[in-house]
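What the coordinates show
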Amino acid sequence: MTRAAFIAGDWGTSRLRLYLCGADGAVLDRREGAGAVVADCAGRFGAAVAGWDGARDGGAGGKLPAVLGGMVGSTIGWKEAPYLDCPARPQAIAGAALRFAADGRQVAIVPGLRCINPVGAPDVMRGEEVQILGALRLHPELARGGHLLCMPGTHVKWVRIQGGTVIRFQTALSGELYELLTQHSVLARGGGKADPQSPAFALGLAAARENAGAGLLHLLFSTRSRVVGGAMADADAPSYLSGLIVGADVGGALALFEARHAVLVCAPALAALYTRALAFYGVGVEAIDGDDAALAGLVHIHSELF
């Protein structure tokens with residue numbers, strides 16, 4: 001029987017994913033909880049892992065160490081783990097983890113990364129660096145040569161890695177913008193999921209590419225005007241809007257990071273949207289599940305620290 005060796009936690013703003021792991025990283029159990037923007041992170045963590053410590057050596061040997069990544073290390077999380085400057089090697093990321101004891105448990109929180117992005121502005125990430133380490137662990141070939149990672153989510157990260165080192169990255173507000181516009185504007189009232197196979201999504205991609213010089217702000221209202229004018233069904237508005245936003249995101253990123261191939265690290269639903277968008281721009285794609293990458297990254301950091 002595999003014995004528990006540590007707890008891995010991907011603790012973002014909206015959700016906590018916990019994994020009880022053996023020494024080899026095998027998942028023995030998993031749980032979920034509330035996001036990191038809560039009061040008393042220590043207490044909530046303790047409640048969330050209740051009973052797991054007994055899985056270690058038949059209940060002996062003290063509490064299991066924990067490796068946590070994500071917004072839990074931000075100013076609104078449990079404890080702040082300072083940002084690490086890019087270029088950042090995997091060993092440096094693990095070595096810069098914030099380590100402390102909490103109620104008899106050794107805890108390590110992974111630091112975020114910061115850089116000056118391709119448009120000359122300060123940029124930061126927190127949580128995605130764990131997924132990057134996991135992607136490198138799952139696909140060691142990514143540690144050779146240069147690669148462009150696309151990490152869709154609320155805030156999309158486009159990341160240039162070279163020889164396994166995170167060189168720099170650019171953040172796009174694509175996911176949050178889509179959510180705001182579908183929930184709080186007239187463009188696609190009632191929300192709804194975007195369908196990457198919809199002709200409306202392809203129409204949005206084409207509009208974004210063909211009118212790149214006009215900028216996204218001058219294209220967004222066409223979501224509403226196409227419906228009002230009868231050129232598009234109301235049900236297609238979310239897909240068209242998504243096509244505009246994702247198309248503008250991809251087009252802008254490729255202008256900053258020249259690439260013929262990209263590695264997607266994200267949930268499958270987002271991978272479907274970005275795979276089609278990148279293919280629309282002639283870019284080949286490889287996809288890695290974001291949750292798998294996060295777990296692999298936390299397992300890697302545990303191996304480095306403990």
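Going by the structure above, here's the rest.
Residues numbered from 1 in each chain as written. Predicted model: local features only at pLDDT ≥ 70, side-chain atom pairs only at ≥ 80, totals over all residues. Heavy atoms only, no water.

**Examining the sheet that holds strand β4 (residues 66–69)**
Consider a sheet: its strands pair through backbone hydrogen bonds, and that pairing is either parallel or antiparallel. With mixed pairing, six strands are arranged side by side in an open sheet as β3-β2-β1-β4-β7-β6. If you trace the sheet from one side to the other, it starts and ends with β3 (27–34) and β6 (98–102), each paired once. Taking each pair of neighbouring strands and ignoring which way they run, the sheet shows an average axis angle of 20 degrees. Bridge count for β6 against strand β7 (residues 105–109) is five bridges, and the pairing is antiparallel. Directly across from A102, in β7, lies its bridge partner R105. (Pairing = 2+ DSSP bridges. Helix = DSSP H or I, 4+ residues; strand = E, 2+ residues; numbered from the N terminus. Axes fitted to C-alpha atoms, helices over the stretch in contact; angles between N-to-C directions.)

**Some remarks on the nonpolar core**
With 38 residues, the main nonpolar core has L113, I132 and V159 as its most contacted residues. Per-element tally for this core: the top contributor is helix α9 (residues 290–305), with six residues. If we ignore the near neighbours within four places in the chain, the residues touching V159 are M125, I132, H147, L148, L149, M151, V166, R168 and F169. A200, A237, A271 and L273 belong to the second-largest nonpolar core, a separate cluster that totals 37 residues. (Core = buried A, V, L, I, M, F, W, Y, C linked by side-chain atoms within 4.5 Å. Buried < 20%, exposed > 50% of the residue type's maximum accessible area, 1.4 Å probe, protein only. Contact = heavy atoms within 4.5 Å.)

**Some words on the environment of L241**
The topology assignment puts L241 in helix α7 (residues 237–256). Residues L241 and T182 lie 59 residues apart in sequence; the distance between their C-alpha atoms is 8.6 Å. Each residue touching L241, except ones within four places of it in the same chain, is listed here: Y178, L181, T182, L187, A188, L220 and T223.

**Description of the pairing of strand β11 (residues 156–162)**
Of all seven residues that make up β11, five are buried, and the element is covered over most of its length. Note that strand β10 (residues 146–151) and β11 share six bridges and pair antiparallel. Opposite M151, over in β11, you have K157 as the bridge partner. Between β10 and β11, which pair antiparallel in sequence order, lie four residues. Summarising the sheet, β11 and strand β12 (residues 165–172) pair through seven bridges and their orientation is antiparallel. Within β12, the position partnered with R160 by the bridge is R168.

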